[in-house]
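# Chain and residue survey
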Amino acid sequence: MTKVLQNVQMLDEQGELKTVNIAMADGKITAIGQDVTVAGAELIEGHGLIVAPGFIDVHTHLREPGFEHKETIATGSASAAKGGFTTICAMPNTKPVPDSVENMQLINGLIKDSAVIRVLPYGSLTKDISGEVRTNIEELKAHGAVAFSDDGVGIQLASTMYEQMKDAAQHDMVVVAHCEDNSLIYDGVMHEGKRNKELGLPGIPSICESVQIARDVLLAEAAGARYHVCHVSTKESVRAVRDAKAAGIRVTAEVCPHHLLLEEMDIPSDDANWKMNPPLRAADDKDSLHAALLDGTIDCIATDHAPHTVEEKCCGMVGAPFGIVGFETAFPLLYTQFVETGKWTLKQLVDWMTVKAAEIFDLPYGTLEVGASADMILIDIQKEQTIDAEGFVSKGRNTPFNGWVAKGWPVLTIFEGNIVYQEAE
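Per an unreviewed UniProt entry, the chain carries the name Dihydroorotase and comes from Lysinibacillus boronitolerans JCM 21713 = 10a = NBRC 103108. UniProt lists a comment for the chain under the heading Pathway (unreviewed entry), and it reads "Pyrimidine metabolism; UMP biosynthesis via de novo pathway; (S)-dihydroorotate from bicarbonate: step 3/3." UniProt, in the comment section headed Catalytic activity (unreviewed entry), describes the chain in these words: "(S)-dihydroorotate + H2O = N-carbamoyl-L-aspartate + H(+)".

What follows deals with the sheet that holds strand 13 (residues 226–229). On the basis of which strands lie adjacent, the open sheet formed by 5 strands has the order 9-10-13-14-15 and parallel pairing. This sheet does not close on itself; its edge strands, each paired only once, are strand 9 (148–149) and strand 15 (300–301). Pairing geometry for strand 13 and strand 14 (residues 251–255), over 3 bridges, is parallel. Among the inter-strand pairings, Tyr227 is bridged to a residue of strand 14, identified as Val251.

The 3 strands lie next to each other as 6-7-8, forming an open sheet whose pairing is parallel. Two strands lie at the open edges of the sheet, namely strand 6 (55–60) and strand 8 (118–121), each paired on one side alone. Across the sheet, the mean angle from the axis of one strand to that of its neighbour is 20 degrees, orientation sign disregarded. Summarising the sheet, strand 6 and strand 7 (residues 85–90) pair through 4 bridges and their orientation is parallel. Counted as the bridge partner of Phe55 is Phe85 from strand 7.

Another aspect to go through is the nonpolar core. In terms of nonpolar packing, the biggest core is built from 88 residues, with Tyr227, Ile301 and Trp344 touching the most fellow members. With 7 residues, helix 10 (residues 330–339) is the single largest residue contributor to this core.

So, on to the UniProt feature "binding site: Zn(2+) 2" (unreviewed entry) in the chain. Under the UniProt annotation, "binding site: Zn(2+) 2" (unreviewed entry) lies at Asp151, His178 and His231. The greatest C-alpha distance among the residues just named is 10.4 Å, despite their covering 81 residues of sequence, which places them together in space. Turning to its location among the elements, Asp151 is positioned in the loop between strand 9 and helix 4 (158–170). Once you skip the residues sitting within four places of it in the chain, Asp151 turns out to touch His59, His61, Met91, Asn93, Ile129, His178, Cys230 and His231. Within the local environment of Asp151, its side chain forms a polar contact with the side chain of His59, the two groups lying 3.0 Å apart. Checked against the element boundaries, His178 lands in the loop between strand 10 (174–177) and strand 11 (190–191).

Let us look at unusual backbone geometry. Residue Pro65 is bonded to the preceding Glu64 through a cis peptide linkage, with omega at 5 degrees. Topologically, Pro65 is positioned in the loop between strand 6 and helix 1 (73–82). Positive phi, close to 50 degrees, is recorded for Asp172, a residue that is not glycine. Within the element layout of this structure, Asp172 appears in the loop between helix 4 and strand 10. A positive phi angle, close to 50 degrees, is found at Glu416, a residue other than glycine. With respect to the secondary-structure elements, Glu416 resides in the loop between strand 17 (405–415) and strand 18 (418–422).

In this section: the pattern of salt bridges. All chains considered together, the criterion is met by 21 salt bridges. Across the pair Glu198 and Arg195 runs a salt bridge whose closest N-O atoms are separated by 2.9 Å. In this pair, Glu198 and Arg195 both sit in helix 5 (residues 195–199), 3 residues apart, roughly one turn of the helix. Judged by its relative accessible area of 43%, Glu198 is partly exposed. Using a relative accessible area of 14% as the deciding quantity, one classes Arg195 as buried. A salt bridge links Lys235 to Asp285, with the nearest nitrogen and oxygen atoms 3.9 Å apart. With Lys235 in helix 7 (residues 235–246) and Asp285 in helix 9 (residues 283–295), the pair connects residues that are 50 residues apart, well separated along the chain.

As a further point, take the UniProt feature "binding site: substrate" (unreviewed entry) in the chain. According to UniProt, the positions carrying the feature "binding site: substrate" (unreviewed entry) are His61, Leu62, Arg63, Asn93, Asn277, His308, Phe322 and Gly323. Assignment of secondary structure puts Arg63 in the loop between strand 6 and helix 1. A relative accessible area of 7% places Arg63 in the buried class. Among residues more than four places away in sequence, those in contact with Arg63 are Glu68, Lys70, Glu71, Asn93, Thr94, Ala306, Pro307 and His308. Mapped onto the elements of the fold, Asn93 is located in the loop between strand 7 and helix 2 (101–114). Excluding its chain neighbours within four sequence positions, the residues that come into contact with Asn93 are His61, Arg63, Phe67, Ile129 and Asp151. Side-chain polar atoms of Asn93 contact the side chain of His61, separated by 2.9 Å.

Moving on, we get to the environment of Ile44. The topology assignment puts Ile44 in strand 4 (residues 42–45). When residues no more than four places from it in sequence are discounted, the contact partners of Ile44 are Lys3, Val4, Leu5, Gln6, Leu412, Ile414 and Ile419.

This part covers the pairing of strand 13. Of the two faces of strand 13, the one lined by Arg226 and His228 and the one lined by Tyr227 and Val229 are each fully buried. Where strand 10 meets strand 13, 4 bridges bridge the pair, whose relative direction is parallel. Bridging across to strand 13, Val174 finds its partner in Arg226. A crossover links strand 13 with its parallel partner strand 14, the connecting element being helix 7, and its sense is right-handed.

Reading guide: rules and limits
Residues numbered from 1 in each chain as written. Predicted model: local features only at pLDDT ≥ 70, side-chain atom pairs only at ≥ 80, totals over all residues. Heavy atoms only, no water. UniProt positions renumbered as here; feature names shortened; annotations may be inferred. Pairing = 2+ DSSP bridges. Helix = DSSP H or I, 4+ residues; strand = E, 2+ residues; numbered from the N terminus. Axes fitted to C-alpha atoms, helices over the stretch in contact; angles between N-to-C directions. Core = buried A, V, L, I, M, F, W, Y, C linked by side-chain atoms within 4.5 Å. Buried < 20%, exposed > 50% of the residue type's maximum accessible area, 1.4 Å probe, protein only. Contact = heavy atoms within 4.5 Å. Polar contact = N/O pair within 3.5 Å; in protein donor to acceptor, adjacent residues only side chain to side chain. Salt bridge = Lys/Arg side-chain N within 4 Å of Asp/Glu carboxyl O. Right-handed = clockwise from strand over helix to strand, strands pointing away.

This is the structure we're talking about:
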């Protein structure tokens, strides 16, 4: 059946808003315009709200299979839908790991059965994400791997990364890296800076991340590979990516909302809801990330949604797992802190969360145009509310943003022409 989303404000190429109606049928957008009407269509009233493409998150953890006490594909995808996401890429640190055709088929089946939006699974670069035995990139690509990563850990052996980059290049697949030299972690739980000393907690130096990026961009150059850096957090990492791009190396990078919004001195106490990897860095690192996003060194924003149980996060940073949830708060936090304050335009923020992410992996999503998948969201930029972790759809409550007040909330999410989230009246 044809549906028409009517009376909505859509951003044009110049970032100006214009009132349109959007018709959709068979999961695709069929018409966009001020006068679009379809006899007998189901009408969805937009109330003059802003319509945007469904957000794309290229870095998420859904925990299923193996860790369903933290999150499931059902709860994670529903949480993403509430946050305005219609396409998410699921990292391979599950149990079993998608390191074989059998395991990839298992995960594809779980996604088909449970996901309310589009979930694209990563294949792992090594067996059991151990950094040792290489996986078969050709086989995993044929069974739906969107890209390849051992996210959660850095690949320590340069030869392993180089050989997998060469294979990935042969099959035009992106190698996606969590960059961390294990010999430089020093059992740290937060950034090695000023605040960790005040709290008496072991620190992770910035060089732990940046040295592996510097290694990998040179390996990518030698292998002719497409290389994407996860959750960039330091000024040295920004410099390595910027220099690599200037040299013509095919490197892209993402930044997480929390690294744009927070820095080490914001951490109030030994509270594991402030523990993530990479950790919150220094103020000048945060400033460097802002500049890198604006000048194109960093390509997109990704949440690194990483749910854990309350019990796992209740007893201080030492011993607690790394990670925070992000689906349901990403857009309003960024809109409030950067668009409302005039530092970014609305179009910049939407692009960093849609088309810029899609371009990295050649995904045919993230735009509102005739023929595109009917993935779209309505955003109420006037709506202001307090973040309440107890109200999350995600199983995870682990956020440092509980109690923050934010504006600009997604209130309706449409995936392939069907409403998958609608705010209660």
